[in-house]
Structures are given as structure tokens and as C-alpha cells.
Amino acid sequence: KEQVETPIGESILPPPSVGYSRVTIKNIHSGKTNTGFVVKEFFTAKDYPVKVEYTPIETERDFLPLPLGLVSIFTSNLWLSQGFTFKLNAMHGQPRSETTYMGEPSDIATAVISSRNEYDYYAPGEEVPVMGSLNSITWKNLGKESEMVMESRGVEDISKDLNLEFDLDVGFAIIPIPFFSVMPSYTYTESKMYQHTTSKVIQYPAIVKSTTSYADGIYHLTENVAFDPHTGQPLLKRTYDGYHKLDLQLS
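Now for a description of the structure that goes with this document. A quick note: this is a predicted structure, and the numbers were derived from the prediction, not measured.

We now examine the overall build of the protein chain. Scanning the protein chain from N- to C-terminus turns up 0 helices and 15 strands. Taking 251 residues into account, the globule formula puts the C-alpha radius of gyration at 18 Å, and the protein chain, at 36 Å, lies well above it. Taken along the three principal axes of its C-alpha coordinates, the protein chain extends 135 × 55 × 25 Å. By the burial criterion, 20% of the 251 residues in the protein chain qualify as buried. Counted over contacts in the protein chain with a minimum sequence separation of 6, partners at least 24 positions apart contribute 58%. As displayed, the protein chain offers around 17,900 Å² of accessible surface, 56% of which is attributable to carbon and sulfur atoms.

Rolled over the atoms, a probe sized like a water molecule indicates the empty space that remains. Per the counting criterion, the structure on display carries 1 cavity of 30 Å³ or more. Considering only enclosed or pocket space, the largest cavity measures out at about 80 Å³ in volume. Lining the largest cavity are Y122, A123, P124, G125, E126, N141, L142, K144, Y204, P205 and I207. Taken together, the residues that form the lining of the largest cavity break down as 7 nonpolar, 2 polar and 2 charged.

In this section: the pattern of salt bridges. Any two side chains of opposite charge can pair, given that their charged atoms come close. Summed over the entire model, instances satisfying the criterion amount to 5 salt bridges. The partner of D47 in a salt bridge is R96, with the nearest N and O atoms 3.1 Å apart. Residue D47 is found in the loop between β2 (37-42) and β3 (51-54), and its partner R96 is found in strand β6 (residues 95-102); the two are separated by 49 residues along the sequence. Classification of D47 by relative accessible area gives partly exposed; the value is 36%. In this structure, the salt-bridge partner of E53 is K87, at a minimum N-O distance of 3.6 Å.

One number sums up the size of the second largest pocket: a volume of about 220 Å³. Lining the second largest pocket are 16 residues, with A206, I207, V208, F227 and G232 positioned closest to its centre. Counting residues per element, the ones that place at least two in the lining of the second largest pocket are β12 (208-215), β13 (218-227) and β14 (234-241). The element that contributes the greatest number of residues to the lining of the second largest pocket is β13, accounting for 3 residues. In the lining of the second largest pocket, the residues fall into 8 nonpolar, 7 polar and 1 charged.

Turning next to the pairing of β12. In terms of strand pairing, strand β7 (residues 112-121) meets β12 through 7 bridges, oriented antiparallel. Counted as the bridge partner of N117 is S213 from β12. Looking at chain direction, β12 and β13 are connected through 6 bridges and run antiparallel. Pairing of T212 across the sheet is with L221, part of β13. Between β12 and β13, which pair antiparallel and follow one another directly, the connecting turn spans 2 residues, one of which, D216, has a positive phi of 55°.

Within the element layout of this structure, E190 appears in strand β11 (residues 176-204). No salt bridge is formed by the buried E190. Its closest oppositely charged neighbour is K192, at 4.0 Å. Beyond its immediate sequence surroundings of up to four residues, E190 is in contact with F74, T75, S76, N77, D157 and I158.

Reading the values: the criteria
- Residues numbered from 1 in each chain as written.
- Predicted model: local features only at pLDDT ≥ 70, side-chain atom pairs only at ≥ 80, totals over all residues.
- Heavy atoms only, no water.
- Helix = DSSP H or I, 4+ residues; strand = E, 2+ residues; numbered from the N terminus.
- Rg over C-alpha atoms; globule rule 2.2 N^0.38 Å.
- Buried < 20%, exposed > 50% of the residue type's maximum accessible area, 1.4 Å probe, protein only.
- Contact = heavy atoms within 4.5 Å.
- Areas by Shrake-Rupley, 256 points an atom, 1.4 Å probe, with all protein chains shown as cover.
- 1 Å grid on protein atoms, 1.4 Å probe; cavity = no way out; pocket = protein on both sides within 12 Å on 5 of 7 lines; lining within 4 Å.
- Points joined across faces, edges and corners; volume = space filled by probe spheres on them.
- Nonpolar A, V, L, I, M, F, W, Y, C, P; charged D, E, K, R; others polar.
- Salt bridge = Lys/Arg side-chain N within 4 Å of Asp/Glu carboxyl O.
- Pairing = 2+ DSSP bridges.
- Lys, Arg positive; Asp, Glu negative; His and termini not counted.

Here is the structure:
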């Protein structure tokens with residue numbers, strides 16, 4: 001019963017898991033020689049939840065009561081169809097940032113940032129730049145996986161009823177006189193129900209768009225300009241410094 005009532009396709013959804021959006025790493029010793037602490041942040045399913053979309057149930061009926069006396073026909077058929085789309089992503093558990101502080105984690109407001117790495121990703125379903133064979137860049141859904149499953153089922157109930165009533169009466173006068181009558185009847189009853197469901201499962205990968213790093217008071221921004229269409233690895237990167245946004249490297 002739980003598998004045929006909404007939400008249909010519940011088994012497609014990811015299983016429960018324990019995830020952390022923020023983890024603080026510190027040394028056991030916290031005296032004057034404390035070297036600081038590290039804070040790691042992660043994306044979770046709360047930031048990028050699984051999306052489930054479905055169409056309204058399309059219904060068609062074929063109802064025909066046709067009593068004709070000796071012959072009666074009753075038809076009641078039903079057709080149902082519905083579509084579902086499940087959009088999954090791999091963003092749960094991906095690193096958001098990693099920051100090293102100098103100070104005490106209990107007083108993070110006064111702690112000084114020593115270094116930091118921050119990651120920016122393409123949104124699930126967003127097209128990414130892909131380098132073609134002629135060094136041309138096109139935008140595609142890189143790494144997107146789609147699966148479509150269709151299911152149809154039907155139940156038919158057909159009944160045919162033929163009755164033949166025969167009456168015989170004998171009356172007596174001078175000689176016996178027989179009287180008889182025949183009354184045939186035929187009833188056809190048809191009841192059918194057909195169901196069709198189309199489920200589409202889409203899986204989006206996690207693709208890094210850019211990385212921002214901070215160390216020694218200087219920010220560096222590295223952008224992934226183009227990706228390999230076969231491996232998904234970045235082929236072309238652009239790096240900027242934190243002062244004048246100068247293009248430092250293009251490889």
C-alpha cells in the first residue's frame with residue numbers, strides 16, 4: 001500500500017544519512033602555544049534538496065448505459081495517466097569553505113583568519129562551458145544522467161449474462177390446449193481500468209565553478225573557464241589576484 005500511494009517513487013530518494021554543515025577542528029592543548037583552529041563548512045541537502053515534480057492525473061472515462069429491453073449493454077471504462085520527475089544532485093557533503101584561524105574557537109569573533117579556501121559550484125541543472133574539438137566553447141549539461149521508466153497495468157472485468165425464460169400452460173376445455181411463451185434476454189457488462197505512469201530520474205553532478213583562496217593577506221580567484229566533455233575535468237583556468245583583478249595565468 002505504501003508503494004502505490006503518494007509519494008510514488010519514494011524508494012528513489014536518497015537514504016537517511018548523518019551530515020555536518022560545519023566542523024571545527026582544534027588541538028587538545030589550548031594554552032599560549034595554541035596554533036589556532038580550523039573551521040570546515042559543507043553543503044548539505046538543506047542547501048540543495050531533492051526536487052520531486054509530478055503532473056496532475058489525466059483521466060478519461062467511457063460510460064455507456066444502454067438498456068434495450070431484450071438486450072442490455074453497460075460499459076464503464078477508466079484510463080489514468082501521470083508523470084513524475086525526480087531531480088537528484090551530488091551537492092550533499094561537498095566542501096563550502098575551509099578556514100584557518102589564529103585564536104580560540106570559543107571567541108571566533110576576535111579570531112584572525114590565517115588562510116581560507118572558498119568553493120563556488122554550478123547550480124544543479126546549470127549549463128557549464130565545454131571545450132570542443134576545435135577549441136570552441138559551448139554550454140552543455142555536463143555529467144547529467146537521465147533515466148526514464150514507464151509502467152502500465154490494467155484490470156478488466158467482463159460479464160455476459162444470457163437468460164431464457166420458458167412458460168408452458170395447459171388449458172382444459174373439450175381437449176387439452178397448451179399455451180407457452182419464450183422470453184430471452186442478454187446483458188453485457190464491461191468494466192476496465194488502465195493505469196500508465198512515467199517516471200524520470202535526473203542526476204546532476206557537483207562541478208566546481210571557482211575557488212577563492214586567501215593567504216598572507218592576499219586573495220586569489222581561480223575560475224574554471226572550460227571543461228573536458230569526456231572526463232569533466234577543467235581544461236582551461238583563469239587566475240586573478242586580489243588587488244587589481246589582473247589575469248595572472250591562463251592554462
